[in-house]
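Understanding the architecture of this molecule
What follows is each chain in one-letter form.
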Amino acid sequence: MAKLGIMSFAHMHAYSYAAAINELAEAELFAIWDDDAARGKAAADQFKAPFMANRDAFLASGLDGVIICSENVKHRAMVEAAAKAGKWILCEKPLATTIEDAQAMIDVCKKTGVGLGTAFPCRYVAPLMAAKEDLDSGRFGTIYAAACTNNGSFPGGWFADEKLSGGGATMDHTVHVVDLLRWMFGKEVTKVYCENGNLIREGIGTDDVGSLHFEMEGGIKVSHIASWNRSKSFPTWGDVTMEIIAENGVLNVDAFNQKVNVYNDTAMKAEWVPWGDNADLGLVSDFAAACDEKRDPAITGYDGLKAVEVTVAAYKSAKSGEMVSV
Amino acid sequence: MNVALIGCSGMGVHHAGHATKAGFKIVACGDAIKERAVELASQYGADATTDCLSLCKRDDVDVVAVLTPTPFHTEYVVAAAEAGKNIFCEKPFGRTLEQCNTGIAAAEKAGVKLFVGHVVRYFQEFETIKAQIDAGKVGKVGFVRTYRGGICPVGAGNWFRDWDMSGGVTMDTIIHDFDWIRYVFGDPAQVFSQNLREQFDKAIDYAMVTFRMKSGIIVNTIGTWAHPGGFRVKVEVCGDNGMLQFDSSEAPLSVMMRETASGMPGMIVPGSPVGVSPYELEWHDFKNWLDGKGRPRVTPQDGVWAVRMALAALESADTGKPVAFN
């Protein structure tokens, strides 16, 4: 059984990863560390795991691996500390906010001989897995184009503070779909165009809508919307959708469209209650196995880097007004 | 008020019915293919001819309806104007800006009324969307996404699949959305676009367009002639106090036949019946103008602007660079 720790609960996904660890037989939530002690202690109480205030003591406590869910810009320092302590690492997306940071994280893990994974749970979302399997069967023939979205609600807090997040919705909601495109098509993004801005909630200090265009190897053309455009009254948090145009047909996947529509008079707001499989279980289960087997997680640091490269290119394009090469 | 129809295939048949309902009388039908002209004319007790230019000169004709493939519009617009007839021209107004300007100049010089059939401005769902935006239901708009299309149309002599004639899904189909976007959100500042043109298959086009409006709003428009069947329209508008969505696939009526004339099982064709068709409404609006009652919702310059937007999108897709509107 893999003894796993969580470093920082700044990113809300830490809570669902902690719950996944507790649900899985092959993993144990061994310890929690957070640079915000109050937040860490509350999470430790919630998930019945010990909180450790000292990072070095936490890393020396007998853990096999750590899941890092800090603010984006703090990923690198935590990965470096964990790698030097010989811990296997699963890092929340985006892996980093710069190519330099992402590369440094990959390098330190290679040097210290630990596995590094990027948390792209979409690869464990059943409808997306089924879509990939269908594409892999070959019956669609050549892929021509895709129109995608990763819309979301405004997350607030440090997500809108570029000093901690590195960017807004374009930073937050480009990497999932880039990773899915690379994974499904087996091709890299070569060029990026991006129009973005703070257009929905005035004065948040960062972009909350991005309209991106990619060119991929093989001449595949892609449109992608990365946004925090969902209103507070919208019945769910957001979406991941892909319309894939291919030689022999069209594949549409609306990844989280497994829901029951609920209309409750107390809430006075429609709610889409999801019933699909919990993708975090697949992600965390693979990480636990990677720790046990001393191998890289299935979704690697390199995968994280490739998505960071596209995001960095998107901001470069938004600034220059031109399509830029990755 | 007597109408001469030029172009008696798909749009000719369609408009003959709606113009008649709006109080016009079809007196002459012209088409390069004689059988087609005869067939349509016989339904309305009208004359048929292959000499379309002669129709423009008939004394008993008040209005010439130009319903030919796009590149031939201007020739008949000019002939009708020179004969002093008022003109109903199907969208796109022209295939090039030169054609558009020639048509406008001829109508102005002759002092005739010219109407361009941007029918989406008359669709009840689109008018409801506009009314909701105008009423402030979504607050200040920051992002818009539209989607339109289905199978690649065929048309007389397969002209839709001839890129130079039709301009693909961008010039022929999502020009509807371009016009509506400008109608509701004002003039665009620049456009970036990708499409499939003839990259893979002549019968498949798919366009992904991003407009930055002068107001700062980002608009993403997807157009498809890449689907094996069906037709779908979607709209999403996001603002600082809410959002709205429309999806034509959520229709009140749908049918699926066990067997069809072709021997193939029929696909589900969603229907959205209304008492007065938007096509009839545009003929009413045109008629009111002819009767000296008010101005129509679409001006000739709107028709030119829509072509400008489509041409700029095509140019961007060809060059890989954004194109600015001056």
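Structure report, in brief.

Rules and cut-offs
- Residues numbered from 1 in each chain as written.
- Chains lettered and ligands numbered in written order.
- Predicted model: local features only at pLDDT ≥ 70, side-chain atom pairs only at ≥ 80, totals over all residues.
- Heavy atoms only, no water.
- Salt bridge = Lys/Arg side-chain N within 4 Å of Asp/Glu carboxyl O.
- Buried < 20%, exposed > 50% of the residue type's maximum accessible area, 1.4 Å probe, protein only.
- Helix = DSSP H or I, 4+ residues; strand = E, 2+ residues; numbered from the N terminus.
- Arc of directions from axis to C-beta.
- Contact = heavy atoms within 4.5 Å.
- Pairing = 2+ DSSP bridges.
- Axes fitted to C-alpha atoms, helices over the stretch in contact; angles between N-to-C directions.
- Buried area = accessible area lost by both parts, 1.4 Å probe.
- Polar contact = N/O pair within 3.5 Å; in protein donor to acceptor, adjacent residues only side chain to side chain.
- Nonpolar A, V, L, I, M, F, W, Y, C, P; charged D, E, K, R; others polar.
- Patch = residues over 30% accessible without salt bridge, like charges linked within 9 Å, V, L, I, M, F, W, Y side chains within 5 Å.
- Areas by Shrake-Rupley, 256 points an atom, 1.4 Å probe, with all protein chains shown as cover.

1. Description of the pattern of salt bridges
Residue and element names in this part refer to chain A.
- If you walk through the whole model with that rule in mind, you get 34 salt bridges over all chains.
- Arg-39 is paired through a salt bridge with Asp-35; the nearest N and O atoms lie 3.6 Å apart.
- On the accessibility criterion, Asp-35 (39% relative accessible area) is partly exposed.
- Between Asp-161 and Lys-163 there is a salt bridge, and its shortest N-O distance comes to 3.6 Å.
- Its relative accessible area of 27% is what places Asp-161 among the partly exposed residues.
- Under the relative-accessibility criterion, Lys-163 is labelled exposed at 69%.

2. Considerations on helix H6 (residues 126-136) of chain A
All names here are of chain A.
- Every buried residue of H6 is accounted for by Leu-128, Ala-131, Lys-132 and Leu-135. On an axial view of H6, the arc spanned by its buried residues comes to 95 degrees, and they lie on one face.
- Summarising the contacts, the buried residues of H6 are in contact with strand S6 (143-150), helix H9 (175-185), strand S10 (241-246) and strand S11 (249-254).
- Count one or two residues on from H6 and you reach Gly-138, which has phi positive near 90 degrees.

3. Things to note about helix H2 (residues 34-44) of chain B
Residue and element names in this part refer to chain B.
- By the burial criterion, the buried members of H2 are Ala-37, Leu-40 and Ala-41. Down the axis of H2, the smallest arc covering the buried residues is 100 degrees, so these residues share one side. Exposed residues pointing more than 90 degrees away from the buried face of H2 are listed as Glu-35, Glu-39, Ser-42 and Gln-43.
- Contacts made by the buried residues of H2 are with strand S1 (2-6), helix H1 (10-21), strand S2 (25-30) and strand S3 (47-49).
- Just downstream of H2, Gly-45 is the residue with a positive phi angle, here 60 degrees.

4. Here we look at the sheet that holds strand S5 (residues 86-90) of chain B
Residue and element names in this part refer to chain B.
- Spatially, six strands are ordered S3-S2-S1-S4-S5-S6 in an open sheet, and the strand pairing comes out parallel. The open sheet has two edge strands, S3 and strand S6 (114-117), and neither has a second partner. The average undirected angle you get between the axes of adjacent strands in this sheet is 20 degrees.
- Bridge count for S2 against S3 is three bridges, and the pairing is parallel. Its bridge partner being in S3, Cys-29 is matched across the sheet by Ala-48.
- Against the sheet, helix H4 (residues 73-82) touches S1, strand S4 (63-66), S5 and S6, its axis set at about 170 degrees to S5.

5. Details of the interface of chain A and chain B
- Each side of the interface is counted separately: chain A has 39 residues, and chain B has 35 residues.
- Three residues, Tyr144(A), Leu199(A) and Lys221(A), lead the burial of chain A against chain B; their summed loss comes to 19% of the area buried on that side.
- Counting every contact that joins chain A to chain B gives two salt bridges.
- The partner of Arg230(A) in a salt bridge is Glu236(B), with the nearest N and O atoms 2.8 Å apart.
- Inspection of the chain A/chain B interface yields 15 residue pairs in polar contact (both at pLDDT 80 or more).
- For the side of chain A that touches chain B, the secondary-structure elements that each account for two or more residues are S6, strand S7 (189-197), strand S8 (209-216), strand S9 (220-227), S10 and S11 of chain A.
- Among the elements that make up the side of chain A that touches chain B, the one with the highest residue count is S6(A) (seven residues).
- Residues of the side of chain A that touches chain B, tallied by class, amount to 17 nonpolar, 15 polar and seven charged.

6. Here we look at a nonpolar patch on the surface
- Judged by side-chain polarity, Val260(A), Val273(A) and Trp275(A) come together as a nonpolar surface patch covering roughly 290 Å² of accessible area.
- When its relative accessible area of 44% is taken as the criterion, Val260(A) is described as partly exposed.

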